[in-house]
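Letter by letter, the chains look like this.
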Amino acid sequence: MLKPLGDRVVIRVLEQEEKTASGIFLPDTAKEKPSQGEVVAVGPGKVQDDGKRVALDVKVGDKIIFSKYAGTEVKFEGTKYLIVSERDILAII
Amino acid sequence: MLKPLGDRVVIRVLEQEEKTASGIFLPDTAKEKPSQGEVVAVGPGKVQDDGKRVALDVKVGDKIIFSKYAGTEVKFEGTKYLIVSERDILAII
Amino acid sequence: MLKPLGDRVVIRVLEQEEKTASGIFLPDTAKEKPSQGEVVAVGPGKVQDDGKRVALDVKVGDKIIFSKYAGTEVKFEGTKYLIVSERDILAII
Amino acid sequence: MLKPLGDRVVIRVLEQEEKTASGIFLPDTAKEKPSQGEVVAVGPGKVQDDGKRVALDVKVGDKIIFSKYAGTEVKFEGTKYLIVSERDILAII
Amino acid sequence: MLKPLGDRVVIRVLEQEEKTASGIFLPDTAKEKPSQGEVVAVGPGKVQDDGKRVALDVKVGDKIIFSKYAGTEVKFEGTKYLIVSERDILAII
Amino acid sequence: MLKPLGDRVVIRVLEQEEKTASGIFLPDTAKEKPSQGEVVAVGPGKVQDDGKRVALDVKVGDKIIFSKYAGTEVKFEGTKYLIVSERDILAII
Amino acid sequence: MLKPLGDRVVIRVLEQEEKTASGIFLPDTAKEKPSQGEVVAVGPGKVQDDGKRVALDVKVGDKIIFSKYAGTEVKFEGTKYLIVSERDILAII
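The paragraphs below set out a description of the structure included in this document. (Residues numbered from 1 in each chain as written. Chains lettered and ligands numbered in written order. Predicted model: local features only at pLDDT ≥ 70, side-chain atom pairs only at ≥ 80, totals over all residues. Heavy atoms only, no water.)

1. Digging into the pairing of strand β4 (residues 34-42) of chain E
Residues and elements named next belong to chain E.
Step number 1: As paired elements, strand β2 (residues 8-13) and β4 share five bridges and run antiparallel to each other. Residue pairing across strands places Val 10 opposite Ala 41, the latter belonging to β4.
Step number 2: Relative to strand β7 (residues 63-67), β4 is paired through five bridges, and the arrangement is antiparallel. Directly across from Gln 36, in β7, lies its bridge partner Ile 65. (Pairing = 2+ DSSP bridges. Helix = DSSP H or I, 4+ residues; strand = E, 2+ residues; numbered from the N terminus.)

Printed below as a string of structure tokens:
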């Protein structure tokens, strides 16, 4: 599996039908629209100035909303994933 | 419900009629115009350099003024919300 | 009343006639021209890296000069206010 | 009088004839040309990360050279002043 | 061999056929596409504010995904390498 | 004389003939070309986060190479000077 | 000789024939291409927030790869040198 570095998170992107099931509808405005996904792997956290790591606030299995334009796409063993930084995750559903 | 991360806040945006009721009128100028909302969920706060979190200054139920162009819109169970960073909140009414 | 967050300050903007009375005239140059106002509410101050707040240097009632292009306008109970960050305040008159 | 905030300084701008008297001539090049002035008020200094203030290096009465494009002009009781940040002051004459 | 400085890493870039073997396929979208490689040398880590170094999270032999537009290409003894900063490495496969 | 503030340095710019004498020739390329000068006054150093000053590495009398586009020109008692920040000084000859 | 300041390094640029001898070939791509050189002088290191210097990782005599567009060219006693910041050095060969 993919092991993200630092504060990065591997996300399985949820398709539109799945979004409807989990109760989120995206309005029709010019505002930035978020996407939804499920966390499948989390990094160990960033190293701070004092040399310690800050553990991430999301864990594997969390359904999340993230900024639509964030991250890097990869396909791994047939599934599409997105690798994003935790700061691009807006909320846990 | 939505659980925002870090210093993010979930806001229910107040419509124009509600704004009038709470006593704020937006003037007709070229200046940046704020919007109003009600806080419905707050994040745990950002982790600082010393590893501690700074709790947010707003709490659930606060009526707030925020920068109009801030945040990301989501619709959740039929209601429109905005997820903003606390630094985009200008004042509590 | 409005309770500003962080290092923000709520200002009642002084009109031109009031400016003349308090002795400030703005010269006719291409330079950035400041505006004047009276502080009506101050925030609790920003949280620093060590977790403490820095109290603001201005207090309610201060007549101040601030950068003309700073801040966000609101009208509250019929009066026009400006919410600015303290760093946009240049001097106390 | 004007009481500048933070690391700001109120300067009375010296006119060309005064510059000649104090021995500075500005060369005719495309380089940034400084202006001269006399310090008439100094701020209390900026608050640092440890909560202490750093007193300014200039004092009232200092003749200074400052970056020509810096600052905000005000006229106060008939005299033109400039409010600049201390970091825009290049040298004391 | 090449000894990278600071938080830099020397990567042998994996060609397309090697990518297929390790199970990653890049989708056909406008998103940023990552590349794959194998770590062949790691720097000693960056010096932090407290004067200590932070050891890197990747080690020689790791198969990694990195941002496609990152780094500087060199050819050394007939092999093409890329020197990237560790922060441009997204995940270990 | 001019007393520079912070980490600023007053430099007497060396003309072309002087450069030849001290052994530096500027090549004919599109690269940034440095200039030479002699330090005539140094500031007290910048105040750091812990409130202490960092003394400058150059002293009066040093022949230096500095970035050609750095600094602010002044003429003082008939001599052309440049006021630059120490970080724009590349090397001591 | 030239004494670089801070974290700067004086490099004698290696010409193409010398590069071949030391085993590096630059590929024909649109990627940023590095250059090679030999360190002839190193600065004392940058002063950190705690007032201490961080010694450089390169030493006189090191053969290095550096970013091609970095630095400032000087000719000194007939030899062409480049003054670069250590952070523009990618690896030691």
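2. Looking at the interface of chain F and chain G
Step number 1: Facing the 24 residues of chain F at the interface are 23 residues of chain G.
Step number 2: Overall, the association of chain F and chain G removes approximately 1900 Å² of surface from exposure, summing both partners, and the carbon and sulfur fraction of that is 56%.
Step number 3: Our count for the chain F to chain G interface comes out at one salt bridge.
Step number 4: There are five residue pairs in polar contact (both at pLDDT 80 or more) connecting chain F and chain G.
Step number 5: Mapped onto the side of chain F that touches chain G, the elements with two or more residues apiece are β3 (24-25) and β10 (89-92) of chain F. (Contact = heavy atoms within 4.5 Å. Buried area = accessible area lost by both parts, 1.4 Å probe. Salt bridge = Lys/Arg side-chain N within 4 Å of Asp/Glu carboxyl O. Polar contact = N/O pair within 3.5 Å; in protein donor to acceptor, adjacent residues only side chain to side chain.)

3. Notes on the pattern of salt bridges
Step number 1: Scanning the entire structure with this criterion turns up 28 salt bridges over all chains.
Step number 2: Salt-bridge contacts for Asp 7 of chain C lead to Arg 87 of chain C; the nearest nitrogen and oxygen are separated by 3.8 Å. With Asp 7 of chain C in the loop between β1 (3-4) and β2 (8-13) and Arg 87 of chain C in the loop between β9 (79-85) and β10 (89-92), the pair connects residues that are 80 residues apart, well separated along the chain.
Step number 3: Its salt-bridge partner being Asp 57 of chain C, residue Arg 53 of chain D comes within 2.5 Å of it at the nearest N-O pair.

4. Examining the interface of chain B and chain A
Step number 1: Counting from both sides, the interface comprises 24 residues of chain B and, opposite them, 24 residues of chain A.
Step number 2: Carbon and sulfur atoms supply 56% of the area that chain B and chain A bury against each other, a total of about 1900 Å² over both sides.
Step number 3: Contact with chain A buries area across many residues of chain B, yet Leu 5, Glu 73 and Lys 75 of chain B alone supply 31% of it, more than any other trio.
Step number 4: The tally of links between chain B and chain A comes to one salt bridge.
Step number 5: Here chain B and chain A share five residue pairs in polar contact (both at pLDDT 80 or more) between them.
Step number 6: The set of elements that each furnish at least two residues to the side of chain B that touches chain A consists of β1 (3-4), β8 (72-76) and β9 (79-85) of chain B.
Step number 7: Considering every element that reaches the side of chain B that touches chain A, the biggest residue donor is β8 of chain B, with five residues.

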